[in-house]
Amino acid sequence: MDSATRDEWSDPIALARLAAEGLLELTRGNWVGEGLDATRQIRSRRPDHPLMLAVTEPALDPDPYQASLGLGSVLSVLGDQSWANDIGMEISEATSIGVLSLHHESLWALESAALLGATQAGLFTDRRAVARGLGYLRLPLRLADPATADVLLLPGIARDDATMWTYRRFAAVSWRATGKIVPVIHPGARLSPLNRKAFRPPAGVYAIELP
C-alpha cells in the first residue's frame, strides 16, 4: 500500500473511539466478566495500535465506575482537536511546508494554519496522491521534495518522552530535512509506561529520537 495515502492510517482515531464506546457500554453490565475480558482481548490483538492501548488502559480497572470515568476521559481526548491549533500557529508563518501524507492530524494542523492566515504557504509533496488530497486547502502546491521546505510535518503513530514512531519513508525524509521538523502525533498516542511495554510497532515503522 502506498504510504502516502490516507488508507495507510485507516482512521485509527475512529477505531479507537468505537472501542471506547463499546467498552463504556459494557461497564453498565457484566464488567468483571465480559468487560475485562474484552479489554484484555483488544490489548492482546492490537498491541500495534497506540490509541487502542490508550483506550484500554483505564478499562483494566476491575471497578466498572472507575473504568467508565477513565473511558470517558479517553473519549474526550479522542474528540479534541484543539491541540492541532498549536501546531497550526507554529507553522502559520512558514513560506513552505513539507507534507508527507494525508494523515488526519497533519490535515488538521494545515487547516488550522490556513485559518490563521498562512494562505500563501507553499505545500511541498513528492506524491501525486497527496497533492490531489491537499487540493481542498486551496494553498499553492508543488511536486517537490518535502525535505526542502521551511517546515516539515512529520507524522507519527506514537511517542514517549524521547522517541517517536513513524513510517520508515517519513523518517528517511526527516533525516534529509533542511528546515524545521514539526512532529504531528495525536496526544492520545503518547505511550504511558504500561503501554510502552505493551506496544509492538507495526511493520514498516521506525523509532527515531524526537527532534
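This text follows the structure it describes.
Quantities reported herein were computed from a predicted structural model and do not represent experimental measurements.

Novice: Explanation requested: the overall build of the protein in the structure shown.
Specialist: When its secondary structure is counted, the protein shows 9 helices and 8 strands. For the protein, the C-alpha radius of gyration of 18 Å lies close to 17 Å, the compact-globule estimate for 211 residues. Seen through its C-alpha atoms, the protein measures out along the principal axes to roughly 55 × 30 × 30 Å. Scored against the burial criterion, the 211 residues of the protein give a buried share of 49%. The long-range fraction of contacts in the protein, counting pairs at least 24 apart against all pairs at least 6 apart in sequence, stands at 73%. Surface summary for the protein: the accessible area is close to 10100 Å², and the carbon and sulfur share equals 52%. Charged side chains of the protein number 21 positive and 24 negative; the gap between the two group centres comes to 6 Å.

Novice: Would you take a moment to explain the packing of aromatic side chains for this structure?
Specialist: To describe a pair of aromatic rings, one takes the distance between the centres and the angle between the planes. Using the criterion set out here, one finds 4 aromatic pairs in the structure. An angle of 75° between the planes, with centres 6.0 Å apart, marks the rings of Y167 and F170 as edge-to-face. A relative accessible area of 14% means that Y167 is categorised as buried.

Novice: When you look at the sheet that holds strand 3 (residues 141–143) in this model, what are you seeing that I'm missing?
Specialist: In any sheet, the strands associate via hydrogen bonds between backbone groups, in a parallel or an antiparallel arrangement. An order of 3-2-1-4-7 is seen for the 5 strands of this open sheet, with the pairing classed as parallel. Among the strands making up the open sheet, the edge pair consists of strand 3 and strand 7 (180–184). Averaged over all pairs of adjacent strands, the angle between strand axes in this sheet comes to 25°, irrespective of strand direction. Where strand 4 (residues 151–155) meets strand 7, 5 bridges bridge the pair, whose relative direction is parallel. Within the sheet, the bridge partner assigned to L154 lies in strand 7 and is P183.

Novice: Even after reading the chapter, I still don't get the nonpolar core, so can you show me in this structure?
Specialist: Generally speaking, nonpolar side chains in soluble globular proteins are found buried as a group. In this structure, V55, I91, I97, L110 and L134 are the most contacted members of the largest nonpolar core, which totals 59 residues. Of all the elements, helix 1 (residues 12–26) adds the most residues to this core, at 6 residues. When sequence neighbours within four positions are dropped, the list of residues in contact with I91 reads I97, A109, L110, A113, V151, L153 and V182.

The rules behind these values
- Residues numbered from 1 in each chain as written.
- Predicted model: local features only at pLDDT ≥ 70, side-chain atom pairs only at ≥ 80, totals over all residues.
- Heavy atoms only, no water.
- Helix = DSSP H or I, 4+ residues; strand = E, 2+ residues; numbered from the N terminus.
- Rg over C-alpha atoms; globule rule 2.2 N^0.38 Å.
- Buried < 20%, exposed > 50% of the residue type's maximum accessible area, 1.4 Å probe, protein only.
- Contact = heavy atoms within 4.5 Å.
- Areas by Shrake-Rupley, 256 points an atom, 1.4 Å probe, with all protein chains shown as cover.
- Lys, Arg positive; Asp, Glu negative; His and termini not counted.
- Charge placed at Lys NZ, Arg CZ, Asp CG, Glu CD.
- Phe/Tyr/Trp six-rings, centres within 6.5 Å; stacked < 30°, edge-to-face > 60°.
- Pairing = 2+ DSSP bridges.
- Axes fitted to C-alpha atoms, helices over the stretch in contact; angles between N-to-C directions.
- Core = buried A, V, L, I, M, F, W, Y, C linked by side-chain atoms within 4.5 Å.

None of the figures reported here should be taken as evidence of function without further support.
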